[in-house]
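Chain and residue survey
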Amino acid sequence: METDRLLAGAEDGHTGDHGSGSATSRRDLRGSRRMSYSAAGSWCHLDGDNEDLNIQQAVVFIEDAIHYRSINHRVDASSLQLYRWYYSRICQWSLGTVIAVVLLLAFVERPSSLSISSDPHHRTIPWEPPCGATESVEMLCLIVFCLDLAVKSYLIGWEEFRKSKWLISYTVVVLISVIDWVLSVSMVCDEKLRVRRLVRPFFLLQNSSLMKKTLKCIRRTLPEIASVILLLALHLCLFTMIGMLLFAKNEDPKKNGEWELHFKDMTTSLTSLLVLLTTANNPDVMIPAYTLNRGYSIFFITFSVIGTYCLMNLLTAIIYNQFRGYLLMSVQTSIIRRRLGIRAAFHVLSSHRVQAESQEHVSVNTVLQVMSRINMKSYYKSAITMAAQQFAEQGYMNRMQFRRIFDELDKDCVKEHPPLPQYTSATLQKLQVIFSHYYISVLGNLVALANVICICTVLVLNSEKSTAERDNYVLEVINLCFILFYLFEMSVKIFAFGWRGYLSYRSNIFDGFLTILLLVLQIAIFIAYWLPHSQWYPSSHDVMSLWEMVRLVNMLIVFRFLRIIPDIKLMALVASTLLDLVKNLRAFAGVLVVVYYVFAVFGIWLFEGAIKPPPEMRWSKIYFVCWWLTSSVMWVNLFVALILENFIYKWDRSHSCSVTDVEKIQYETSVQFMFKEQIQEPTEEELVCQLHQHPHLQLHW
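All residue numbers refer to positions counted from 1 along the written sequence of the respective chain. It should be noted that, the model being predicted, local features are given only for residues of pLDDT at least 70 and side-chain atom pairs only at 80 or more, the latter also being counted only at that level, while totals for whole chains, interfaces and linings use all residues. Only heavy atoms go into the side-chain values, all of them from the structure, while hydrogens and water stay out.

**Quick word on the packing of helix α1 (residues 51-66) against helix α14 (residues 364-373)**
For the record, the criterion: Helix axes are fitted only over the stretch in contact, all axes being lines through C-alpha atoms; the angle between N-to-C directions runs from 0 to 180 degrees. Under the DSSP-based scheme used, a helix requires at least four consecutive residues in state H or I and a strand at least two consecutive residues in state E, with every element numbered from the N terminus. In what follows, roughly perpendicular refers to angles from 65 to 115 degrees, roughly parallel to angles under 35, roughly antiparallel to angles over 145, and oblique to any angle outside these ranges. With the far helix as reference, a near helix turned anticlockwise by less than a right angle produces a left-handed crossing, and one turned clockwise produces a right-handed crossing. The contact criterion used is simple: two residues touch if any of their non-hydrogen atoms lie within 4.5 Å. Classes in brief: Ala, Val, Leu, Ile, Met, Phe, Trp, Tyr, Cys and Pro nonpolar; Asp, Glu, Lys and Arg charged; the others, Gly included, polar.
Relative orientation of the contacting elements α1 and α14 amounts to 55°, with a least axis distance of 9 Å. Taken as axis vectors, α1 and α14 run oblique relative to one another. Between α1 and α14 lies a crossing whose hand is right-handed. For the pair α1 and α14, contact is made by Glu51, Asp52, Ile55, Gln56, Ala58, Val59, Ile62 and Glu63 and by Thr366, Gln369, Val370 and Arg373, respectively. Classifying every residue of the contact of α1 with α14 gives 5 nonpolar, 3 polar and 4 charged.

**Thoughts on the side chain of arginine 69**
Here is the rule we go by: Buried residues are those whose accessible area, probed at 1.4 Å on protein chains only, stays under 20% of the maximum for their type, while exposed residues exceed 50% and partly exposed ones sit between those limits. Distance and chemistry together define a polar contact, namely a pair of N or O atoms within 3.5 Å, with one atom able to donate a hydrogen and the other to accept it when in protein, and with adjacent residues in sequence counting only for side-chain atoms on both sides.
When you line up the elements, arginine 69 lands in the loop between α1 and α2 (77-86). A residue is classified by how much of its surface remains accessible, and arginine 69, at 5% relative accessible area, is buried. Polar side-chain contacts of arginine 69 include one of 3.2 Å to the side chain of tyrosine 83.

**Here we look at the confidence of the model for the protein chain**
For clarity, the cut-off: Values of pLDDT, ranging from 0 to 100, describe the predictor's confidence in every residue of the model.
Of all residues in the protein chain, 77% attain a pLDDT of 70 or more, and the chain-wide mean is 78. Confidence, expressed as mean pLDDT per element, reaches its minimum in the protein chain at strand β1 (residues 35-37) with 36 and its maximum at helix α4 (residues 133-156) with 94. Confidence drops under pLDDT 50 across residues 659-669; counting only partners more than four residues distant or on other chains, this segment forms 38 contacts.

**Overview of helix α9 (residues 209-246)**
Since the α-helix packs 3.6 residues into each turn, any two residues three or four apart lie on the same face. Rules: Any helix carries an expected span of 1.5 Å times its number of residues minus one. Bend at a given residue is defined as the angle between two axes, one fitted to the seven residues that end at that position and one fitted to the seven that begin there.
Between its terminal C-alpha atoms α9 stretches 52 Å, which fits the 56 Å expected from 38 residues at 1.5 Å a residue. Maximal helix bending in α9 amounts to about 45°, located at leucine 222; proline proline 223 follows within four positions.

**Some thoughts on α1**
Over its 16 residues, α1 extends 22 Å from the first C-alpha to the last, a length consistent with the 22 Å expected when each residue adds 1.5 Å. With 14 of 16 residues buried, α1 lies mostly within the body of the structure. Tyrosine 68 occupies a position one or two residues after α1 and carries a positive phi of about 60°.

**Describing the packing of aromatic side chains**
In plain terms, the rule: Working definition: rings of Phe, Tyr and Trp (its six-membered ring) pair if their centres are within 6.5 Å, and the pair is stacked with planes under 30 degrees apart, edge-to-face with planes over 60 apart, and tilted otherwise. Put simply, a charge is over a ring when the Lys NZ or the Arg CZ is close to the ring centre, within 6 Å, and near the line of the ring normal, within 35 degrees.
Enumeration according to the criterion identifies 30 aromatic pairs in this entry. A ring pair is formed by phenylalanine 402 and phenylalanine 406, whose centres lie 5.0 Å apart and whose planes are at 55°; its orientation type is tilted. Taking relative accessible area as the criterion, phenylalanine 402 reaches 1% and is therefore assigned buried. Ring pairs connect the aromatic residues Phe239, Phe247, Phe263, Tyr296, Phe299, Phe300 and Phe303, which therefore count as one cluster. When the ring centre of tyrosine 154 is taken as reference, the NZ or CZ atom of arginine 74 above it lies at 4.6 Å. Between arginine 560 and the ring centre of tyrosine 486, over which it is positioned, the NZ or CZ distance is 3.6 Å.

**Thoughts on empty space enclosed by the protein**
Using the following cut-off: Each cavity reported here is a set of points on a 1 Å grid over the protein atoms alone in which a 1.4 Å probe fits but cannot get out, each pocket an open set with protein on both sides within 12 Å along at least five of seven lines, and each lining residue one with an atom within 4 Å of a point. Grid points are joined across faces, edges and corners, and a volume is the space filled by probe spheres set on the points.
Taken as a whole, this structure holds 5 cavities of 30 Å³ or more when the rule is applied. Considering only enclosed or pocket space, the largest cavity measures out at about 100 Å³ in volume. Arg339, Ile342, Arg343, Phe346, Arg399, Met400, Phe402, Arg403, Glu684 and Leu687 together form the lining of the largest cavity. For the lining of the largest cavity, the secondary structure elements donating two or more residues are α13 (297-350), α16 (399-405) and α27 (684-692). Per-class residue counts for the lining of the largest cavity are 5 nonpolar, no polar and 5 charged.

Here is the structure:
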């Protein structure tokens, strides 16, 4: 996933690469560059030798390209050092930790959530920190946010700051938080309302570019969703009136069950059908009427077919279509930023020397020097370095060659397993062939299945027995035999593949870790209860009883059975999709946290101290309807959209893979890779046009 960029221009309707600024001399203390352009060619050079600054600029531009960041920031030496420090791993992790801390403060502040039970009838009085404790932590966090805002504003400059709606909003939110904090302290923490709680999620939003894009996607989808929502509202109102006519109050009290419970008035009727739309009260809502006459079921079935199965799925289709289209546009913008960063790096590297040719060139040694300074994944760094070294004899590369070596960034990272160890003995070679065969894993899966069946059988036989009546001796002996086989299987695989080869498979890491853990538990049982014998007393124990230890072993064995997943192609595909979702859904999960957080704060304000809502709080239904529309309708469908894209992408890729290839070849799937085939590459003219509009990289033609 892409990291946050300093500008939100592309999210505000333009590419974010426009701006203006004043040119300064190279001799200025700020270290800005003064460039001149030759009328005879398309290359530029510096008024002096500033090669080290050019290399530093190229390093930052390439790092911007790697992380899909905007290059519209200051490019003097001191600013570049500050920029790299700001985007360093330790700085970004620290900022993320501060954001997490300020969000978690709500669990400690009044009303505190520090209790084991959530039931107010059973829980003890939760501990509440003294006044000033959480406020001190919050002030430290706000100081960090002020520094973060100051650094971002300085790096992009005033002109670009005024164009960034997110940074302006960031400033407003920080000011609101500080003012509200001062009011809280001045009132000795006895205020009824903390406005800053409501704006805290903004700190999480502004730190992720993809979260911002998701919000913009939702905003663009709202007009299409509104039309279906209106149709849904008409559907509800129509069936509400029909229901009130069908289930009107009868003179016979025995026939008023449906009217009394669900159709007594307009509000109750509308609420009952809205809940039925979510299927939460199905079939309870129609049971009283169905008891009187089966024909009444036609009303509820028709309502559910039109509302739940047609209109709700139409909402899903609209959200998926709009989300997919906007996500493709966002990925297109990201690719443009990557190409622009690489083009800018080539430009500054080729500008420090005067070329006799009309075409720009850059030295291979300079490129290798730049690559040695860049912070990036070792896989891509080695691939790009090897691609650059192919031009070592030529000594230089032109613009197209420079761009091609960075095409490695757009390729899948394929995991290659190390070669098998070489044995000189013919016997060892034959054993290596046998133990490295795929059927050894199949045999291990069958044995694991047999172990699970044994555990299941024992659990069924002992389900009615108490702890004292259970015979743990038999189950322990069975588990011991299976654990010895697991240890044997792990040993022969290590022999066949070697340590590095064995650990290169994620399934082997999972399997080996659980095998060692089971072995440790088995040794612990022997230490506590000596050798197996039938006189073990399950109730006797020091820290854990024998039955508790056997239960733990059984749970690990059952969990270990998940090792079969990589050996079943479709199951491996689904599991791989889920693992990728953990990586690709971080931004969406972050927005979901924001939604939950905001609604939780509103809920605390609305229902503080209320166990049962009084009758005059019918308006509170609006709160829950908004919550349902936001969480169930919007976010669930957004998750469905990304899950579909991820699964379809992997499904198409899997057709060329065998069963074992799913585990042997692991692709790093990102949002950019999903839409790679549908992305249009920017032209050279587009890149040059945006490069010339850089607010801090002034070019003179």
